[in-house]
Amino acid sequence: QVQLVESGGGLVQAGGSLRLSCAPSGRTFNSYAMAWFRQAPGKEREFVAAISWIGGTTYYADSVKGRFTISRDNANNTVYLRMNSLEPEDTAVYYCAANRVALTTPRYDYWGQGTQVTVSS
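The structure reproduced in this document is the subject of the present report.

The rules we used
Residue numbers run consecutively from 1 along every chain, following the written order of its sequence. For a predicted model such as this one, the threshold for reporting local features is a pLDDT of at least 70, and the threshold for listing and counting side-chain atom pairs is 80 or more; totals across whole chains, interfaces and linings nevertheless cover every residue. Only hydrogens and water are set aside; all other atoms, that is, all heavy atoms of the structure, feed into the side-chain values. When two cysteine sulfur atoms are found within 2.5 Å, that pair is recorded as a disulfide. A run of H or I in DSSP becomes a helix once it reaches four residues, and a run of E becomes a strand once it reaches two; helices and strands are each numbered from the N terminus. Basic side-chain nitrogens of Lys or Arg form a salt bridge, by our definition, when they fall within 4 Å of a carboxyl oxygen of Asp or Glu. Here, any two strands with at least 2 DSSP bridges between them count as paired. Fitted lines through C-alpha atoms serve as axes, helices being fitted only where they are in contact, and the angles separating the N-to-C directions of these axes extend from 0 to 180 degrees. Three exposure classes are used, based on accessible area relative to the maximum for each residue type with a 1.4 Å probe and protein chains only: buried under 20%, partly exposed in between, and exposed over 50%.

**Notes on the state of the cysteines**
Thinking step 1. A complete count under the given rule lists 1 disulfide for this structure.
Thinking step 2. Shown here is the disulfide that connects Cys 22 with Cys 96, its sulfur atoms set 2.0 Å apart. An S-S torsion of about -80 degrees defines the bridge between Cys 22 and Cys 96 as left-handed. Here Cys 22 is found in strand 3 (residues 18-25), whereas its partner Cys 96 is found in strand 9 (residues 92-99), with 74 residues between them in sequence.

**Quick word on the pattern of salt bridges**
Thinking step 1. For the coordinates displayed, the defined rule picks out 5 salt bridges.
Thinking step 2. We note a salt bridge from Glu 46 to Arg 38, for which the minimum N-O separation is 2.6 Å.
Thinking step 3. Connected through salt bridges with shared partners, the residues Arg 38, Glu 46, Arg 67, Glu 87 and Asp 90 form a single ionic network.

**Comments concerning the sheet that holds strand 3**
Thinking step 1. The 4 strands are arranged 1-3-8-7 in an open sheet whose pairing can be described as antiparallel. In this open sheet, the two edge strands, each paired with only one partner strand, are strand 1 (3-7) and strand 7 (68-73). Neighbouring strand axes in the sheet, compared pairwise and without regard to direction, differ in orientation by 20 degrees on average.
Thinking step 2. Two strands pair when backbone bridges link them, and strand 3 and strand 8 (residues 78-83) are joined in this way by 5 bridges, in the antiparallel orientation. Paired with Arg 19 across the bridge in strand 8 is Arg 82.

**Remarks on the pairing of strand 9**
Thinking step 1. Extensive coverage of strand 9 is indicated by the burial of 7 of its 8 residues.
Thinking step 2. Two strands pair when backbone bridges link them, and strand 4 (residues 33-39) and strand 9 are joined in this way by 7 bridges, in the antiparallel orientation. Of the residues in strand 9, the one forming a bridge with Trp 36 is Cys 96.
Thinking step 3. With 3 bridges connecting them, strand 9 and strand 11 (residues 115-120) associate as antiparallel partners. Residue pairing for strand 11: Val 93 is matched across the bridge by Gln 116.
Thinking step 4. Looking at chain direction, strand 9 and strand 10 (residues 110-111) are connected through 2 bridges and run antiparallel. Across the sheet, residue Ala 98 finds its bridge partner in strand 10, namely Tyr 110.

Written out as structure tokens, the structure reads:
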């Protein structure tokens, strides 16, 4: 069974940083676009960032542009989300996703279970 496993979430103060990791098991996703979404309590899941399978093209939500960086290490089959200057509004469960093409909507074929990020003010 294909799984995406996120890690790196936690509690951080506003202005701090975290790095999320996503490592698939069961197969390689080197030919897939990868993305991060997040969902806060009572809100819909929203797009955060995506990266093409080659890694040369990245996409960001306006709310995180300039603060978050998505990257991938195909040799280690891992995708990362570096989050700087975190704000309380970034508090959410963060999900990793994989798809043949990069999308900014949650129409991805594979999803992880999510990792909680909490930013205290």
